[in-house]
Amino acid sequence: MMKKFNFTVLAGICASAFILQTYTFANEIIGDSNPFIEEQVNNPQLEPKDLVVYSFAKNPSKLSQSNEYLTRARATREYGFTRVHSSQIRVFDNVIRRYKDGDQEFQRSFKRQILAGQSKADLEKFSMLFAGDTVNLDIALTSKFDLLHSSVGGNFIPDKGWDQLTRIVKSKELGNVIIEIMAFTGDNGLLMDKDAVNFDVNGNPGILIVMEDETGRAETSLTWADNEKAYTIQLDRNVNANGVMASFKNLTQIISGS
């Protein structure tokens, strides 16, 4: 691993979900600037932070090990979805159960260890809070959504709270919806493959992947970011079918603000 970097590359996991990247950077660079060249690694003033949109095709890196997500993103853009085997479409009841079980384990073990080293003031004020602003998310979920689960985790930021938030909700139009938000606090951010970008949320780049099997079972994932937060939404519907896209776009636009 390169010195000063602490991140995993934007890649497909669990069929279509994404890993959000964290890394140690200093100044913002948006475009094709290569964040891995020696000059930038050795000179922090040249390194980007927050959101980095970077073409792995033009600048190959060992950090980009699979391009399956790229193939799926392109198929989604061209055809509305990518055809997959039925085994690759997840049962969201099971996915949601794993989220809940994972949160319980985090509460029992890692969270307690992390908070043990924090100040009394942080424990009293921020131990249960998300480090970012949730006003837009709260507005987006005020109606038509039933809350199934909510949790915070990730890294604890003194005087702010946790840098990751998860809300799992359900609605008639969108079905089961898993919303994950990562606040860019301190030294973390998102590295996004420019070649996979196929969606826009309030002028911010996103990667939309819709998968559908031969029986019509489907799931959708969208990852996008601005310069304050990274967002991922997963749901058990094809958002390009049956008039779902209007409700989906409305949700994403409200969540990240205009």
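Just so it is clear, the structure is predicted and the values come from calculations on it, not from any experiment. (Residues numbered from 1 in each chain as written. Predicted model: local features only at pLDDT ≥ 70, side-chain atom pairs only at ≥ 80, totals over all residues. Heavy atoms only, no water.)

Caption draft 1: Examining the overall build of the protein chain more closely. Each helix and strand counted, the protein chain has 7 helices and 12 strands in total. A burial count over the protein chain gives 50% of its 258 residues as buried. For the protein chain, the share of sequence-separated contacts (at least 6 apart) that also reach a separation of at least 24 residues comes to 62%. Carbon and sulfur atoms make up 48% of the accessible area of the protein chain, which totals about 12,700 Å². (Helix = DSSP H or I, 4+ residues; strand = E, 2+ residues; numbered from the N terminus. Buried < 20%, exposed > 50% of the residue type's maximum accessible area, 1.4 Å probe, protein only. Contact = heavy atoms within 4.5 Å. Areas by Shrake-Rupley, 256 points an atom, 1.4 Å probe, with all protein chains shown as cover.)

Caption draft 2: Region of the structure containing unusual backbone geometry. The phi dihedral of Lys144 falls on the positive side, at around 70°, and the residue is not glycine. Assignment of secondary structure puts Lys144 in the loop between α6 (135-140) and β5 (146-157). Within the chain, Asp159 stands out as a residue other than glycine whose phi angle is a positive 65°. Within the secondary structure, Asp159 sits in the loop between β5 and β6 (161-171).

Caption draft 3: Representation of the packing of aromatic side chains in the model. Across all of its chains, the model carries 4 aromatic pairs by this definition. Note on Phe106 and Trp162: the rings are 5.5 Å apart at their centroids and 80° apart in plane angle, and the pair reads as edge-to-face. Of this pair, Phe106 sits in helix α3 (residues 92-108) while Trp162 sits in strand β6, and the two are 56 residues apart along the sequence. For the ring pair Phe156 and Trp162, a centre distance of 5.2 Å and an interplane angle of 70° mean the geometry is edge-to-face. (Phe/Tyr/Trp six-rings, centres within 6.5 Å; stacked < 30°, edge-to-face > 60°.)

Caption draft 4: Quick peek at the environment of Lys229. Following the sequence through the fold, Lys229 ends up in strand β12 (residues 229-235). Lys229 gets classed as buried once you look at its relative accessible area, which sits at 9%. Through-space distance from the C-alpha of Lys229 to that of Ile181 is 6.6 Å; in sequence the pair is 48 residues apart. In this view, Lys229 contacts Phe130, Gly132, Asp133, Ile181, Met182, Ala183 and Phe184; residues no more than four positions away in its chain are not counted.

Caption draft 5: Region of the structure containing the pairing of strand β3 (residues 50-54). In terms of residue burial, β3 counts as a mostly covered element, since 5 of its 5 residues are buried. Pairing of β3 with strand β8 (residues 189-193), which is carried by 5 bridges, proceeds in the parallel orientation. By the bridge assignment, Val53 is partnered in β8 with Met192. (Pairing = 2+ DSSP bridges.)

Caption draft 6: View of the nonpolar core. In this structure, Val177, Ile179, Ile233, Phe248, Leu251 and Ile255 are the most contacted members of the largest nonpolar core, which totals 33 residues. Other than its neighbours up to four places away in sequence, Val177 contacts Phe145, Arg167, Ile168, Val169, Ile233, Gln234, Leu235 and Leu251. In terms of nonpolar packing, the next biggest core, distinct from the first, is built from 21 residues, Leu70, Val84, Met182 and Leu191 among them. (Core = buried A, V, L, I, M, F, W, Y, C linked by side-chain atoms within 4.5 Å.)

Caption draft 7: Spatial organisation of helix α7 (residues 245-256). Compared with the 16 Å implied by 1.5 Å per residue over 12 residues, the 17 Å span of α7 between its first and last C-alpha is a close match. Where α7 is buried, its residues meet α6, β7 (175-183), β9 (199-201), β10 (204-212), β11 (218-225) and β12. (Expected span 1.5 Å × (residues − 1).)

Caption draft 8: Layout of the pairing of β11. Among the 8 residues of β11, 8 are classified as buried, and the element is accordingly described as predominantly covered. Of the two faces of β11, the one lined by Ala218, Thr220, Leu222 and Trp224 and the one lined by Glu219, Ser221, Thr223 and Ala225 are each fully buried. In terms of strand pairing, β10 meets β11 through 7 bridges, oriented antiparallel. Along β11, the bridge assignment pairs Ile207 with Thr223. A loop of 5 residues connects β10 with β11, the two strands running antiparallel in sequence, and Gly216 in this loop sits at a positive phi of about 100°. Where β11 lies against β12, 6 bridges are found, and the strand directions are antiparallel. What sits directly across from Thr223, in β12, is Thr232. Following β11, the chain reverses through 3 residues before pairing antiparallel with β12.

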